[in-house]
Amino acid sequence: MSEAPERQNPRRSHILQWHITHRCNLFCAHCYQRDRAEEMPAQMLRETLDKYCRFLEARHFCGRVYLTGGEPLLHPEFFTLAREITERGIAFSVLTNGTLIDRLTANRLALLHPLFVQVSLDGVWEAHDAVRGEFSFIQALNGIDALAAERIPVMVSFTAQKNNLKSFPALARICAEHGVRKLWWDRVVTDTPEMTKQLALTTEQFRQFCRKASRLQKRYQRPDGSSLISLERSLQCMEEGKCYTCHPGSGMVTILADGSVMPCRRLPFIAGNITEGELDEILASDPTTQELQCSPIPAACADCRYAERCRGGAKCVTYGQTGRLFEKDINCFYQ
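Since the structure is predicted, the reported quantities are computational estimates derived from the model, not experimental observations.

Chemist: Looking at this model, I keep getting lost on the pairing of strand S2 (residues 61-68). Mind explaining?
Modeler: Along any regular strand the residues' side chains alternate between the sheet's two faces. Within S2, 6 of the 8 residues are buried, which leaves it mostly tucked inside the rest of the structure. Two elements, strand S1 (residues 12-19) and S2, share 8 bridges in a ladder whose sense is parallel. Counted as the bridge partner of His-14 is Gly-63 from S2. Note that S2 and strand S3 (residues 91-96) share 4 bridges and pair parallel. Each residue of the ladder has a partner; that of Leu-67, found in S3, is Val-94. Crossover S2 to S3 through helix H2 (residues 78-87) is right-handed.

In structure tokens, the structure reads:
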């Protein structure tokens with residue numbers, strides 16, 4: 001009797017968040033992109049894609065590329081690059097502010113079959129415009145409608161900060177009315193005391209908002225059991241048993257328009273530059289990236305029943321406010 005063939009393990013997925021340009025048509029209050037002029041040249045785009053493909057093959061990963069910026073649609077090579085990514089057999093998505101998407105742009109995107117297009121909305125009408133600029137909400141909403149007309153899956157991301165919390169229920173209602181597949185949210189990342197004082201949630205604000213979002217998740221539950229509202233980010237989801245845990249430098253990596261390689265865009269650490277060598281070599285040679293890949297559980301979390309799942313929460317939020325990397329999430333309210 002012959003032995004059963006060995007079952008092949010599916011390839012682990014890996015995410016490249018690729019900031020192909022730092023140019024943007026909006027000026028958002030919480031933006032962490034200081035340089036707004038850099039743009040990756042066409043030749044460097046191709047070389048970077050080649051290196052990412054070699055990285056995936058060497059690590060036996062299944063790649064996903066998130067094209068972003070700045071505003072990625074401002075890059076003149078955007079559609080050429082997106083087409084080449086798909087021709088390499090790699091799935092891609094677009095992270096955008098949505099204001100530049102019209103019917104023609106949506107149609108061109110639909111022909112390339114993105115996994116999804118994520119549009120950033122930080123409230124409705126005045127709340128959103130206060131963060132991203134006058135008339136930006138209606139422009140983004142028109143972009144969502146154009147995407148929905150082409151049956152492109154749309155996700156909306158909401159950056160929770162002190163001044164926009166009350167607009168979230170209205171945003172959920174509008175997302176439901178306009179065919180958005182998922183509305184997810186996370187806390188604003190701040191990196192100066194003044195920015196923290198002005199924008200960052202207190203622990204009690206965060207706790208109350210989690211409860212509100214949980215109620216909305218139930219309200220917008222679909223017949224198939226899914227919901228418009230996603231509660232998978234750090235500290236949002238423990239009791240439900242499903243929680244997103246970021247894997248900076250291992251399950252995901254960021255490349256900026258100037259070639260900088262970062263284990264996570266929301267942490268201010270640069271491992272090297274993609275022009276200097278192969279991606280796996282750059283990641284392997286950086287001590288901070290190696291430490292982040294291990295994702296040690298903070299000592300203060302050792303006895304928590306969620307420790308293995310959460311691993312200390314959002315390092316970027318805590319580091320931005322404290323300057324300390326491997327500590328318990330600054331907004332953790334779990335006992």
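Chemist: Help me understand empty space enclosed by the protein in this model?
Modeler: Leftover empty space is mapped by rolling, across the atoms, a probe with the size of a water molecule. Evaluation of the coordinates by the stated rule reveals 2 cavities of 30 Å³ or more. If you trace the largest cavity, you find 14 residues lining it, with Leu-235, Cys-301, Cys-304, Cys-310 and Cys-332 closest to the centre. Its residues assigned to classes, the lining of the largest cavity comprises 9 nonpolar, 2 polar and 3 charged.

Chemist: Where do I start with a positive patch on the surface in this structure?
Modeler: Positive charge collects at one region of the surface, where Arg-207, Arg-211, Arg-215 and Arg-219 lie side by side. With respect to the helices, strands and loops of the structure, Arg-207 is situated in helix H8 (residues 203-219). Owing to a relative accessible area of 30%, Arg-207 belongs among the partly exposed residues under this scheme.

Chemist: Is there a simple way to explain H8 in this structure?
Modeler: Every α-helical turn comprises 3.6 residues, leaving residues that sit three or four positions apart pointing alike. For H8, with 17 residues, the first-to-last C-alpha span of 25 Å sits near the 24 Å given by 1.5 Å per residue. Looking at the packing, one finds that the buried side of H8 touches strand S5 (154-160), helix H6 (168-177) and strand S6 (182-187).

Chemist: Explanation requested: the sheet that holds strand S9 (residues 272-273) in the structure shown.
Modeler: Sheets are built from strands that pair by backbone hydrogen bonding, the pairs being arranged parallel or antiparallel. Reading across the sheet, the 9 strands line up as S6-S5-S4-S3-S2-S1-S7-S8-S9 and stay open at both edges, with mixed pairing between neighbours. Two strands in the sheet have a free side with no partner beyond their single neighbour: S6 and S9. The pairing of strand S8 (residues 260-262) with S9 spans 2 bridges and is antiparallel. Counted as the bridge partner of Ser-260 is Asn-273 from S9. Sheet contacts for H6: S5 and S6; angle to S6, the most-contacted strand, approximately 155 degrees. Contacting S5 and S6, H8 crosses the sheet at an angle of about 170 degrees to S6.

Chemist: Teacher, can you tell me more about the packing of helix H3 (residues 103-110) against helix H5 (residues 136-149) here?
Modeler: Two quantities define a packed helix pair, namely the angle between the helix axes and the distance between the axes. In the contact formed by H3 and H5, the axes pass within 9 Å of each other and the chain directions differ by 45 degrees. As summarised for this structure, H3 and H5 are arranged oblique, according to the angle between their axes. Crossing hand, H3 versus H5: right-handed. On the side of H3, the interface is formed by Arg-103, Ala-106 and Leu-109, while H5 contributes Ala-146, Leu-147 and Ala-149. For the contact of H3 with H5, the residue count by class is 5 nonpolar, no polar and 1 charged.

Chemist: Hey, could you run me through the packing of aromatic side chains in this one?
Modeler: All told, the structure shown has 14 aromatic pairs when counted by the stated rule. Residue placement shows Arg-108 over the ring face of Phe-79; its charged tip is 3.9 Å from the ring centre. Looking at Arg-187, its charged tip hangs above the ring of Phe-206, at a distance of 4.4 Å from the centre.

Chemist: Help me understand the side chain of Asp-186 in this model?
Modeler: Note that Asp-186 resides in strand S6. Only 3.4 Å separates the side chain of Asp-186 from the side chain of Arg-266, close enough to count as a polar contact. If we skip the residues at most four places from it in the chain, Asp-186 touches Phe-158, Thr-159, Ala-160, Arg-233, Gln-236 and Arg-266.

Chemist: Whenever I open this one, the nonpolar core confuses me. Can you help?
Modeler: In summary, soluble globular proteins display a tendency toward joint burial of nonpolar side chains. Judged by nonpolar contacts, the single largest core of 76 residues is most densely connected at Trp-18, Leu-67, Phe-168, Leu-183 and Trp-185. Among the elements that make up this core, the one with the highest residue count is helix H1 (residues 42-59) (7 residues). In contact with Leu-67, not counting residues within four places along its chain, are Trp-18, Ile-20, Pro-72, Phe-78, Leu-81, Ala-82, Ile-85, Phe-92, Ser-93, Val-94 and Leu-95. If you look at the next biggest cluster of nonpolar residues, it comprises 9 residues, including Cys-264, Phe-269, Ala-314 and Leu-325.

Chemist: I would appreciate a short explanation of helix H12 (residues 315-322) in the present structure.
Modeler: Residues of H12 that are buried: Lys-315, Cys-316, Val-317 and Thr-318. Buried residues along H12 sit against S6 and helix H10 (287-294). Phi turns positive, to about 80 degrees, at Gly-323, one or two residues after H12.

Rules behind the numbers
- Residues numbered from 1 in each chain as written.
- Predicted model: local features only at pLDDT ≥ 70, side-chain atom pairs only at ≥ 80, totals over all residues.
- Heavy atoms only, no water.
- Buried < 20%, exposed > 50% of the residue type's maximum accessible area, 1.4 Å probe, protein only.
- Helix = DSSP H or I, 4+ residues; strand = E, 2+ residues; numbered from the N terminus.
- Pairing = 2+ DSSP bridges.
- Right-handed = clockwise from strand over helix to strand, strands pointing away.
- 1 Å grid on protein atoms, 1.4 Å probe; cavity = no way out; pocket = protein on both sides within 12 Å on 5 of 7 lines; lining within 4 Å.
- Points joined across faces, edges and corners; volume = space filled by probe spheres on them.
- Nonpolar A, V, L, I, M, F, W, Y, C, P; charged D, E, K, R; others polar.
- Patch = residues over 30% accessible without salt bridge, like charges linked within 9 Å, V, L, I, M, F, W, Y side chains within 5 Å.
- Areas by Shrake-Rupley, 256 points an atom, 1.4 Å probe, with all protein chains shown as cover.
- Salt bridge = Lys/Arg side-chain N within 4 Å of Asp/Glu carboxyl O.
- Lys, Arg positive; Asp, Glu negative; His and termini not counted.
- Charge placed at Lys NZ, Arg CZ, Asp CG, Glu CD.
- Expected span 1.5 Å × (residues − 1).
- Contact = heavy atoms within 4.5 Å.
- Axes fitted to C-alpha atoms, helices over the stretch in contact; angles between N-to-C directions.
- Parallel < 35°, antiparallel > 145°, perpendicular 65-115°, else oblique.
- Left-handed = near helix turned anticlockwise from the far one by under 90°.
- Phe/Tyr/Trp six-rings, centres within 6.5 Å; stacked < 30°, edge-to-face > 60°.
- Lys NZ or Arg CZ within 6 Å of the ring centre and 35° of its normal.
- Polar contact = N/O pair within 3.5 Å; in protein donor to acceptor, adjacent residues only side chain to side chain.
- Core = buried A, V, L, I, M, F, W, Y, C linked by side-chain atoms within 4.5 Å.

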